[in-house]
Amino acid sequence: MRLRFAALLILLLVLILSFTSCKTVVEYRYQEVDALITDTYHRAGYLLPAGKIMVWHPSVNEVTLQYGEITTTIDNFELYSICLNRIGDTVPCILVTEIYDDGSQKQFLKWSE
C-alpha cells in the first residue's frame, strides 16, 4: 500500500513538473558601451585544512562595473589588472540584453576582451 502511494506521489510530481514550463531566451541583443569602474577587490588564494587533506581556495579578482542602473561584478584577473587604481574611469564593455518568451528582459555587462 505504501509503495503504491509513493509511486502515485512520484508520478503526480513528475506530471506537475512536466506541465509547468520555464521561460526561455528567444533573443540576445548586444550593444558596445563604456562602463564605469566602481570597485575592485582582490583576495589571494589560500589553503585550509579539511580533516587530513588541504583544500585550496582560489584567488578572487573582482571588478564592479556600472552602466546606468545596471551593475555587474566580474571575476577576471586580466580585467582586474587593467582596472586596478582606475576607479571612476570607464572601460569598454558589452551590454547583453536577454529577451524571454514571456516578454521580460534581463540585462548585464560583459567585458569585451
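For every chain, the first residue of its written sequence is number 1, and the numbers climb from 1 along that sequence. Where local features are concerned, this predicted model is filtered to residues with pLDDT of at least 70; where side-chain atom pairs are given and counted, the filter is 80 or more; whole-chain, interface and lining totals use all residues. Think of the side-chain values as coming from all heavy atoms in the structure, minus any hydrogens and water.

Trainee: Run through the overall build of the protein, naming residues and quoting values.
Mentor: In this description a helix means any DSSP run of H or I spanning at least four residues, a strand means any run of E spanning at least two, and both kinds are numbered starting from the N terminus. Assigned secondary structure in the protein consists of 2 helices and 7 strands. Across the protein, helices and strands are ordered from the amino to the carboxyl terminus as α-β-β-β-β-β-α-β-β. At 22 Å, the protein has a C-alpha radius of gyration far larger than the 13 Å of a compact globule built from 113 residues. Expressed along its principal axes, the backbone C-alpha trace of the protein runs to roughly 70 × 50 × 20 Å. Each of the 113 residues in the protein was classed as buried or not, and the buried ones make up 22%. With 9 positive and 13 negative side-chain charges, the protein shows a spacing of 18 Å between the two charge centroids. Throughout, the radius of gyration refers to the C-alpha atoms, and the reference size of a globule is 2.2 Å times the residue count to the power 0.38. Think of it in three bands: residues with accessible area under 20% of the maximum for their type are buried, residues over 50% are exposed, and the middle band is partly exposed, with areas taken using a 1.4 Å probe on protein chains only. His residues and chain termini do not enter the charge count, which takes Lys and Arg as positive and Asp and Glu as negative. Here the site of a charge means atom NZ of a Lys, CZ of an Arg, CG of an Asp or CD of a Glu.

Trainee: Please set out the packing of aromatic side chains residue by residue, giving values where relevant.
Mentor: Aromatic rings in a pair are described by how distant their centres are and how their planes are angled relative to each other. Here the aromatic set is Phe, Tyr and Trp, taking the six-membered ring for Trp, and pairing holds for ring centres within 6.5 Å; pairs whose planes are under 30 degrees apart are stacked, those over 60 apart are edge-to-face, and all others are tilted. In total, this model carries 1 aromatic pair according to the counting rule given. Ring geometry for Tyr-28 versus Tyr-30: centroids 6.3 Å apart, planes at 15°, classification stacked. The exposure class of Tyr-28 is partly exposed, given its relative accessible area of 45%. Whether a charge lies above a ring is judged from NZ of Lys or CZ of Arg, which has to be within 6 Å of the ring centre and within 35 degrees of the ring normal. Between Lys-23 and the ring centre of Tyr-100, over which it is positioned, the NZ or CZ distance is 4.7 Å.

Trainee: Explain the environment of Asn-85 residue by residue, including any values.
Mentor: Within the secondary structure, Asn-85 is located in the loop between helix H2 (77-83) and strand S6 (90-100). Put simply, Asn-85 and Pro-58 are 27 residues apart on the chain and 22 Å apart in space, counted from C-alpha to C-alpha.

Trainee: Tell me about the pattern of salt bridges, residues and numbers included.
Mentor: Any carboxyl oxygen of Asp or Glu that lies within 4 Å of a side-chain nitrogen of Lys or Arg is treated as forming a salt bridge with it. By the definition in use, this model includes 2 salt bridges. Taking the shortest distance from any N to any O, the salt bridge between Asp-89 and Arg-86 comes out at 3.4 Å. Given the relative accessible area of 27%, Arg-86 is considered partly exposed.

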